[in-house]
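Listed below, chain by chain, are the residues.
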Amino acid sequence: MGYRVTLIPGDGIGPEVTAAARTVAEATGVAFDWEVVQAGEEAIRTQGTPLPDDVLASVRRNRLALKGPITTPIGSGFRSVNVALRQQLDLYSSVRPARAIAGEGTRFPQTDLIVVREATEGLYSGVEHWVDRDHTAAETVNVITRKASDRIVRFAFELAKREGRRHVTAVHKANIMKTTGALFQTAFQAIAPSYPGVQADERLIDNMCMQLVKKPEEYDVLVTTNLFGDILSDLCAGLAGGLGVAPGALYGDSLAVFEPVHGSAPKYAGQDKADPVAEILCVELLLRHVGEREAASRVFRAVWETIAEKKVVTYDLALPGYTLRPVPPSRCSEMAAEIARKVPLVDLDAPLPRPAGAGLGEDSHLEA
Ligand code: NAD
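Residues numbered from 1 in each chain as written. Predicted model: local features only at pLDDT ≥ 70, side-chain atom pairs only at ≥ 80, totals over all residues. Heavy atoms only, no water.

Re the pattern of salt bridges
Note the following rule: Salt-bridge detection follows one rule: a side-chain nitrogen of Lys or Arg within 4 Å of a carboxyl oxygen of Asp or Glu. A helix here means a DSSP run of H or I that spans at least four residues, while a strand means a run of E at least two residues long, and both kinds are numbered starting from the N terminus. Burial status follows relative accessibility: with a 1.4 Å probe on protein chains alone, a residue under 20% of its type maximum counts as buried, one over 50% as exposed, and anything between as partly exposed.
Within this structure, the stated rule accounts for 22 salt bridges. Between K173 and D206 there is a salt bridge, with the nearest N and O atoms lying 2.9 Å from each other. One end of the pair, K173, is in the loop between strand 8 (167–172) and helix 6 (180–191); the other, D206, is in helix 7 (residues 205–214), with 33 residues separating them in the sequence. Under the relative-accessibility criterion, K173 is labelled buried at 16%. Its salt-bridge partner being D201, residue R203 comes within 3.8 Å of it at the nearest N-O pair.

So this is what it looks like as structure tokens:
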């Protein structure tokens, strides 16, 4: 019996990238016992609801889940399964590392940030209504509590301490949002002095966005509320190489769910084209979480080497990137197979390779 993990394939490219992640997880030699459950569009088709009770029961039972992205209809239709899952399982910490891998596909090869986002309240609380019958005015309530602010701030400092990070920045808009913003700011200012080894400072969200695209290397751990965290984690994913390579984790007090930052990218569904790296790096985070540090490092290193070699990479990494060397794109499953092949072979003591001829180019860009 290995680690029993709930596997939620999800929608769009979800089934492809979770299959890829599973291939790599199994290449580590760590034993997994996957419990596959459906949420999202497939669950609506087969069970009439996007978030069946057995999904919640499975995650509560196994305490570990690997999840693919789930589509949320815009403006109408069912409420976000992703938001509901976080709220119902009290997965209050969304942790999104943004690491530039092999310096590929980014203008900012030094980027190494972690965005810690409160995931259960704020503007995503689901408290919203039309003000009038004609639907010409509407309100969404920004719910901020001292309890949730305290626990996310403490979580960010504990994570910084555990990971050897030296700097935590609180991101808010307390100058304009004088109750909700100030409540979060007060929590940060009260807790920061308990961590004297970690530098603590604050930025307003608008200034933070500007600072990040100018000098991301000056930041380390960012802690913020739900909506700001959602936006900042995509911004940081872009700094680090795009949505295709950005993993994420959701933690509660006893549960952990690992999911990429990206969504279901419906236009690529079923084409075996999407970048599997974000979901594969979710496996790395899962392995680290359960204490399988060597296997986690093998996965990270196999991803790094595959990207640095730039022989078997998906379309987003095949573009002219850091190395200015476009290559023919590989399929999602081919890249996963290459990473899985490398997992048992990598030398954990060797320095991480940089792509040959690396240098930033003016046309460095990524569609994602
Ligand atoms: P998206 O992340 O699905 O796609 C945006 C673009 O990023 C894509 O068109 C593609 O160019 C690129 N991209 C994303 N993932 C990629 C990958 N693995 N490889 C290569 N390129 C990739 O964002 P969206 O279009 O805004 O959202 C689509 C759906 O996903 C929506 O219904 C949204 O609500 C949902 N969503 C779900 C989650 C989640 O499940 N946690 C997160 C974000 C969005």
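Structural notes on the site of the ligand
Formally: By convention in this text, a residue qualifies as near a molecule or strand provided that one of its non-hydrogen atoms is within 4 Å of it. Polar contacts, as counted here, are pairs of nitrogen or oxygen atoms within 3.5 Å of one another; within protein the pair requires one atom able to donate a hydrogen and one able to accept it, and residues that are adjacent in sequence qualify only if both atoms are side-chain atoms. Per-residue and other accessible areas follow the Shrake-Rupley method at a 1.4 Å probe size, with only the shown protein chains counted as cover for residues. The classification used treats Ala, Val, Leu, Ile, Met, Phe, Trp, Tyr, Cys and Pro as nonpolar, Asp, Glu, Lys and Arg as charged, and all other residues, Gly among them, as polar.
The ligand sits among 24 residues. The nearest are I70, T72, G263, A265 and Y315. At 3.3 Å, a side-chain N or O of K67 approaches an oxygen atom of the ligand. Protein chains bury 76% of the 810 Å² of accessible surface belonging to the ligand in isolation. For the shell around the ligand, a count of residues per class yields 11 nonpolar, seven polar and six charged.

What to know about the layout of surface pockets
What counts is decided by this rule: Cavity: a set of points on a 1 Å grid over the protein atoms alone where a 1.4 Å probe fits but cannot get out. Pocket: an open set with protein on both sides within 12 Å along at least five of seven lines, its lining residues, like those of a cavity, having an atom within 4 Å of a point. Grid points are joined across faces, edges and corners, and a volume is the space filled by probe spheres set on the points. Start and end positions for the domains come from either an automated domain assignment or a database one.
Roughly 590 Å³ of volume is contained in the second largest pocket. Lining the second largest pocket are 23 residues, with L159, R162, E163, Y251 and R288 positioned closest to its centre. Sorting the residues of the lining of the second largest pocket by element identifies strand 4 (93–99), strand 5 (112–118), helix 5 (146–162), strand 11 (249–251) and helix 9 (277–289) as the ones contributing at least two each. In terms of residue count, the dominant contributor to the lining of the second largest pocket is helix 9 (four residues). When its residues are assigned to classes, the lining of the second largest pocket shows 11 nonpolar, three polar and nine charged. When residues of the lining of the second largest pocket are sorted by domain, at least three fall in each of domain 1 (1–102 + 241–358) and domain 2 (108–240).

Looking at the domain arrangement of the protein chain
As a reminder of what qualifies: Buried area: the accessible surface (1.4 Å probe) lost by two parts on joining, summed over both.
Along its sequence, the protein chain is organised into domain 1 (1–102 + 241–358) and domain 2 (108–240). For domain 1 and domain 2, the distance between their C-alpha centres works out to 24 Å. Note on domain 1 versus domain 2: buried area summed over both sides is about 2,100 Å², and carbon and sulfur give 53% of it. For D90, the salt bridge goes to R151, with nearest N and O atoms at 2.8 Å. Counting across the domain 1 and domain 2 interface gives 12 residue pairs in polar contact (both at pLDDT 80 or more). Listed by contribution, the elements that provide at least two residues to the side of domain 1 that touches domain 2 are helix 4 (81–88), strand 4 and strand 11.

Some points on helix 12 (residues 332–342)
The condition that has to hold: Any two residues whose heavy atoms approach within 4.5 Å are treated as being in contact.
Among all positions of helix 12, only C332, M335, A336, E338, I339, A340 and K342 are buried. Residues of helix 12 that are buried in the fold lie against helix 1 (14–27), helix 9, helix 10 (293–309) and helix 11 (315–318).

Focus: the nonpolar core
Rules: Buried Ala, Val, Leu, Ile, Met, Phe, Trp, Tyr and Cys residues that are joined via side-chain atoms within 4.5 Å together make up what is termed a nonpolar core.
Counting 72 residues, the largest nonpolar core has L66, F157, V168, V223, F258 and I307 as its most contacted members. The element contributing the most residues to this core is helix 10, with nine residues. Among the domains, domain 1 (1–102 + 241–358) and domain 2 (108–240) are the pair contributing at least three residues each to this core. Those residues within four positions of I307 in sequence are excluded, and the remaining contacts are I101, A102, E104, V245, V277, V313, L317 and M335. L56, I70, V81 and V257 belong to the second largest nonpolar core, which has 18 residues in total.

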